[in-house]
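Coordinate analysis (summary)
Okay, here's what each chain looks like letter by letter:
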Amino acid sequence: MIPSDLHIRNEALNPGQSFIVEAPAGSGKTELLIQRYLKLLGGVSQPEEILAMTFTRKAAGEMKGRIIEALNLAQDISPPKEEPDQTTWNLAQVALERNKKFGWRLLENPARLRVVTIDSFCSFLTKRTPLLSKMGGATEIQENIQDLYANTAKQILSKIESDDYQYAELVRALLKHLDNDKKTFIQRISQLLNLRDQWMISFFDKFENIKEHLLDNSHKDKLEKLYTELIEKQLNKIYSLFSESSKTSLVYFGAYAGKNLKTYNCENSITTLSQLDSFPNPKIEQLKQWKGISNLLLTGTGEFRKRVDKSLGFPVNKGNKNEESKKIKNEFKIYLESVTGLKPLQKALNKIKLLPDPCFSDYEWNILRSTLRLLPELESQLKSLLQENKLSDFSEISLAALKSFGNELEPTDLGKYLDDKIQHILVDEYQDTSFKQEALLKKLTAEWEPDSGRTLFIVGDPKQSIYRFRDAEVGLFLKTQKEGINNLNLEPLTLESNFRSQQSLVDWVNQCFQKILPEEDNPDSGAIAFSKSTAIHAKESYPGVVLHPLDPELNSSRASRSEAKEISGIIKKIRSKSAEATIAI
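Residues numbered from 1 in each chain as written. Predicted model: local features only at pLDDT ≥ 70, side-chain atom pairs only at ≥ 80, totals over all residues. Heavy atoms only, no water.

1. Describing the overall build of the protein chain
- When its secondary structure is counted, the protein chain shows 22 helices and ten strands.
- For the protein chain, the spread of C-alpha atoms along the three principal axes comes to 100 × 75 × 55 Å.
- Considering the protein chain as a whole, with its 585 residues, one finds that 45% of them fall into the buried category.
- Residue pairs at least 24 apart in sequence account for 76% of intrachain contacts in the protein chain once pairs closer than 6 positions are excluded.
- Summed over its atoms, the accessible surface of the protein chain is roughly 32500 Å², and 50% of this surface lies on carbon and sulfur atoms.
- The average position of the 80 basic charges and that of the 80 acidic charges among the side chains of the protein chain differ by 4 Å. (Helix = DSSP H or I, 4+ residues; strand = E, 2+ residues; numbered from the N terminus. Buried < 20%, exposed > 50% of the residue type's maximum accessible area, 1.4 Å probe, protein only. Contact = heavy atoms within 4.5 Å. Areas by Shrake-Rupley, 256 points an atom, 1.4 Å probe, with all protein chains shown as cover. Lys, Arg positive; Asp, Glu negative; His and termini not counted. Charge placed at Lys NZ, Arg CZ, Asp CG, Glu CD.)

2. Side note on helix H12 (residues 244-262)
- Helix length check: H12, at 19 residues, gives a terminal C-alpha distance of 27 Å against a target of 27 Å (1.5 Å per residue), a fit within 8%.
- For H12, the set of buried residues is Ser246, Lys247, Leu250, Val251, Phe253, Gly254, Ala255, Tyr256, Ala257, Gly258 and Leu261. (Expected span 1.5 Å × (residues − 1).)

3. Looking at the pairing of strand S6 (residues 424-427)
- Of the two faces of S6, the one lined by His424 and Leu426 and the one lined by Ile425 and Val427 are each fully buried.
- The pairing of strand S2 (residues 50-54) with S6 spans four bridges and is parallel. Residue Ile50 lies in a different strand from S6, and its bridge partner there is His424.
- Relative to strand S7 (residues 455-460), S6 runs parallel, the two being bridged by four bridges. Counted as the bridge partner of Val427 is Ile458 from S7. (Pairing = 2+ DSSP bridges.)

4. Looking at the packing of helix H17 (residues 394-403) against helix H19 (residues 435-444)
- Two elements in contact, H17 and H19, have axes separated by 10 Å at closest approach and are oriented at 25 degrees. Of the possible angle classes, the one that applies to H17 and H19 is roughly parallel. Where H17 crosses over H19, the two elements pack in a sense that is left-handed. Contacts between H17 and H19 pair Phe394, Ser395, Ser398 and Leu402 from the former with Lys436, Ala439, Leu440 and Lys443 from the latter.
- Across the contact of H17 with H19, the residue classes tally to four nonpolar, two polar and two charged. (Axes fitted to C-alpha atoms, helices over the stretch in contact; angles between N-to-C directions. Parallel < 35°, antiparallel > 145°, perpendicular 65-115°, else oblique. Left-handed = near helix turned anticlockwise from the far one by under 90°. Nonpolar A, V, L, I, M, F, W, Y, C, P; charged D, E, K, R; others polar.)

5. Remarks on the pattern of salt bridges
- This structure, assessed with the given rule, holds 18 salt bridges.
- When the shortest N-O distance is used, the salt bridge between Glu438 and Lys442 registers 3.9 Å. Here Lys442 and Glu438 lie together in helix H19, a separation of four residues that amounts to about one turn.
- Glu438 gets classed as buried once you look at its relative accessible area, which sits at 7%.
- Judged by its relative accessible area of 30%, Lys442 falls in the partly exposed class.
- With a shortest N-O distance of 3.9 Å, Lys532 and Glu496 are connected by a salt bridge. Of this pair, Lys532 sits in the loop between helix H21 (503-516) and strand S10 (534-537) while Glu496 is found in the loop between strand S8 (491-494) and strand S9 (497-502), placing the two residues 36 residues apart along the sequence.
- Under the relative-accessibility criterion, Glu496 is labelled partly exposed at 22%. (Salt bridge = Lys/Arg side-chain N within 4 Å of Asp/Glu carboxyl O.)

As structure tokens, then:
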């Protein structure tokens, strides 16, 4: 273990401090979670005061099993000689003394160790509060309820012919926007329902009476302001990538090309640079000029330009001006060559092309407003169908659990009840957290204050986020690192050691991901910056990674058979050399 990691692990065991730990693959995060749990167990009045939540049943089972194993091993009077086993043993010894003193009988009754999935904890909340959560009665949980989304969309569509004038008008406006394509309408509504935890949490909490809400221009202004802030963040980033000398040159070339194009191609965005006398500021008012710069420097396919001609605003003039125009044209070519190797600049310029105008036209605002005003009815219709079919999904259970807490104006007793019971929360795999799960954490820690003895301990690796299909938002990890949760500032820690793989494999992964991942985090887009791992195991005699390329000319069926044959051959070869080897495909 590298010295910095040893220090971080010791720091993470401070029971009075909240942390968010970035723990890459193979860094021993489960061991760290177990050590933290045991440390807390040695100081609480009841084991139920500690709540550990993770994303999958397998992870929850493994964590709980290893805590029990650590407690069993600590009954032996002979401590292990090496780390991290020695630290785990010492912590488990203290926890066992606490167990004996208060008569918890944890080894006989391990159910008192609250290590659960987030979904099962939400289910527990809804069962305790059936009236508040509106989830009374037995329901079957299904991960895929696409059919119910489609049926809900059809019911919404049928309102176009109902006596309910308000909803008929809203549906009519949206259907007209989609060229009266009913199939597309059903698809779009289904997509909205699939992401309902995002809009219900972020929108319904702000507009309790959305059914009657007119969504006036003040809300339009708020949304436009939000768009403007996001766009200006991107403009600030690209602004910083230009050196002062390159800014001056670009003002000259941009104004020259813009003036020339204005005489015969007014539609080209480069013409917005015709009056340029200084480099554009990273402000929304100059977005069109930034798009002009992007078009001036990049081709339609996003590469830096190599060809400079009349279509770009660099014509060959007749007479005395011919030499001058040739000179400017050649100077611009040299300028393009000087920036061609700047990959971050190229990437940022391509993003500029896609930035939208933050201001809504009257037509766009009417469509958005109609959609927003339909959201409560979408939620209501889906809930009715779920209850009718005695079905539920994980989103519905999570959202129902959140409702059990009430809101800021009318909180329920559930928050106070849990507030008295839970002193410490540990969350694993936080890179796979969704908006609804973040909202749950906020509800659970709403009354927690720094230095109150209550702690939140979050562990994850944003580079391993794989559950976007389950609404996971990796940007939440970055946001929590920066902003904390409620009143809790979480001290960020980052592990680097890799205990799992030999050095050759770790080096290969480092080299690949350094090229793929960006240099900086971006919580808004969920972009994760590269961070290296350091191998604890030395290089082996065999390579860490071996590539087995297939013939790119093969059709998919033949390629699959060829791949299967290759994999089968590799497995047989491994088994012939080592019959006990473990193999993963």
